[in-house]
Amino acid sequence: MRRLGELEAEIMDCLWKWDRPATVREIVDDINLRRPAAYTTVMTVATILHDKGWLTRRKQGQAWLYTPVRSREAYSAALMEDALGASRDRSAAFVHFVERMSDEEVAALREALRATGRGGEL
């Protein structure tokens, strides 16, 4: 999975944060609080995200309402899977990754393993 581009990530962040369908106008207005963004540019990138399968859309009057297909967490998990796939030695990659984790992150990893039934003797 390719990492989202800057504007793609901003659009997805708005939709993930709001957890509801939104129009391009709403997304543009939110982005413009931080930096200038043209409506047509955001509309084009939202269409591209739709074509790539990241967003669904349905008509509401003259506007499209966009909704994410994947959660932020599913996107992050896919990026981690791709990163692991780049390594010739997944075990060594895991070791390096875990060594950099905080105690809270290690606890969350243990809990995730238990929740999926893969915790073993943790």
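Residues numbered from 1 in each chain as written. Predicted model: local features only at pLDDT ≥ 70, side-chain atom pairs only at ≥ 80, totals over all residues. Heavy atoms only, no water.

Peer 1: For this particular structure, what's the right way to read the packing of aromatic side chains?
Peer 2: The way to describe two aromatic rings as a pair is by their centre distance and the angle between their planes. Taken as a whole, this structure holds 2 aromatic pairs when the rule is applied. Relative to Y75, the ring of W54 lies with its centre 5.3 Å away and its plane at 75 degrees, an arrangement referred to as edge-to-face. Of this pair, W54 sits in the loop between helix 3 (39–51) and strand 1 (55–60) while Y75 is found in helix 4 (residues 72–85), placing the two residues 21 residues apart along the sequence. Considered together, W54 and Y75 belong to a single accessibility category, that of buried residues. Ring pairs connect the aromatic residues W16, W54 and Y75, which therefore count as one cluster. Cation over ring: R70 sits above W54, and NZ or CZ is 4.5 Å from the ring centre. (Phe/Tyr/Trp six-rings, centres within 6.5 Å; stacked < 30°, edge-to-face > 60°. Helix = DSSP H or I, 4+ residues; strand = E, 2+ residues; numbered from the N terminus. Buried < 20%, exposed > 50% of the residue type's maximum accessible area, 1.4 Å probe, protein only. Lys NZ or Arg CZ within 6 Å of the ring centre and 35° of its normal.)

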